[in-house]
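Read off the chains here:
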Amino acid sequence: MKTENTVWHPTQISKSDRARLKKQRPCLLWYTGLSGSGKSTIANAVDDLLFERQCHTYLLDGDNVRHGLNGDLGFSDEDRVENIRRISQVGKLFVDSGLIVSTAFISPFQSDRDMARELLEQGEFIEVFIDTPIEICEQRDPKGLYKKARAGEIKDFTGIDSGYDIPVKPEIHVQTAEKDILACAQQIVDHLKTQGYIN
Ligand code: ADP
């Protein structure tokens, strides 16, 4: 709980100092899409490409965060909002440290994604829509979750019995049915180059 006596202490080294040292413009790549759409796969491929270019990055992956930081949260509406709130706050701290941060979470609701966007400064939030038709996600079913959801073993499964708001104006729209993983990752790296986040 927030106390009245807590004040934000300005740090000596600023975000722009850290960014200059790292020779990049920090940002948060917010991957959103259905389960099995390819968020983790593509975010990892982008991280590899950026690492090769000597960029400084960090990847917050949905399932991994649920094991640690958000291990106390379930999938109720309240917990889903809290999940996103913590992830965006952590993402913001990492951006403040000068990194190019990726988060890979279904984040089905536009209102939650907008909440994350509003935390960051203009140009720092990059919504990456991993657009894969549900039939293809279901065929891929990398974690066997669609099978379980169809069998009624998982409730409130996004795309089956829980909604997904199609991103209204994502900065990057990746259509994974049309190209391979590397080409999808390259599309994102190209965006970072043309928009001046990396050299
Ligand atoms: P999510 O993180 O969105 O739940 P995953 O990345 O875990 O999805 O799983 C996506 C699966 O789809 C992986 O097994 C991946 O190898 C496969 N796949 C096939 N083609 C593509 C593509 N073009 N882009 C991304 N993933 C793809």
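Residues numbered from 1 in each chain as written. Predicted model: local features only at pLDDT ≥ 70, side-chain atom pairs only at ≥ 80, totals over all residues. Heavy atoms only, no water.

Time to look at the environment of Leu182. Relative to the helices and strands, Leu182 is located in helix H8 (residues 181-194). Spatially, the C-alpha atoms of Leu182 and Glu138 are 21 Å apart, while their sequence positions differ by 44 residues. (Helix = DSSP H or I, 4+ residues; strand = E, 2+ residues; numbered from the N terminus.)

Right, let's get into the packing of aromatic side chains. Counted by the stated rule, this structure contains five aromatic pairs. Joined through ring pairs, the aromatic side chains of Trp30, Phe105 and Phe125 make up one cluster. Geometry around Tyr197 places Arg25 over its ring, the cationic atom sitting 4.1 Å from the centre. (Phe/Tyr/Trp six-rings, centres within 6.5 Å; stacked < 30°, edge-to-face > 60°. Lys NZ or Arg CZ within 6 Å of the ring centre and 35° of its normal.)

Let's shift gears to the site of the ligand. For the ligand, the set of nearby residues contains 17 residues, the closest of which are Gly36, Lys39, Thr41, Arg140 and Lys179. A distance of 3.3 Å is found between an oxygen atom of the ligand and a backbone nitrogen or oxygen belonging to Ser37. A distance of 2.7 Å separates an oxygen atom of the ligand from a polar side-chain atom of Lys39. Protein burial of the ligand: of its 580 Å² of free accessible surface, 78% is covered by the chains. At four residues, helix H2 (residues 39-52) tops the list of elements feeding residues into the shell around the ligand. For the shell around the ligand, the per-class residue count stands at five nonpolar, seven polar and five charged. (Near = heavy atom within 4 Å. Polar contact = N/O pair within 3.5 Å; in protein donor to acceptor, adjacent residues only side chain to side chain. Areas by Shrake-Rupley, 256 points an atom, 1.4 Å probe, with all protein chains shown as cover. Nonpolar A, V, L, I, M, F, W, Y, C, P; charged D, E, K, R; others polar.)

In this section: empty space enclosed by the protein. Rolled over the atoms, a probe as big as a water molecule pinpoints where empty space is left. Tallied over the full model, the rule gives one cavity of 30 Å³ or more. In this structure, the largest cavity is lined by Ser35, Gly36, Asp141, Pro142, Lys143, Gly144, Leu145 and Tyr146. When grouped by side-chain class, the residues that make up the lining of the largest cavity number three nonpolar, three polar and two charged. (1 Å grid on protein atoms, 1.4 Å probe; cavity = no way out; pocket = protein on both sides within 12 Å on 5 of 7 lines; lining within 4 Å. Points joined across faces, edges and corners; volume = space filled by probe spheres on them.)

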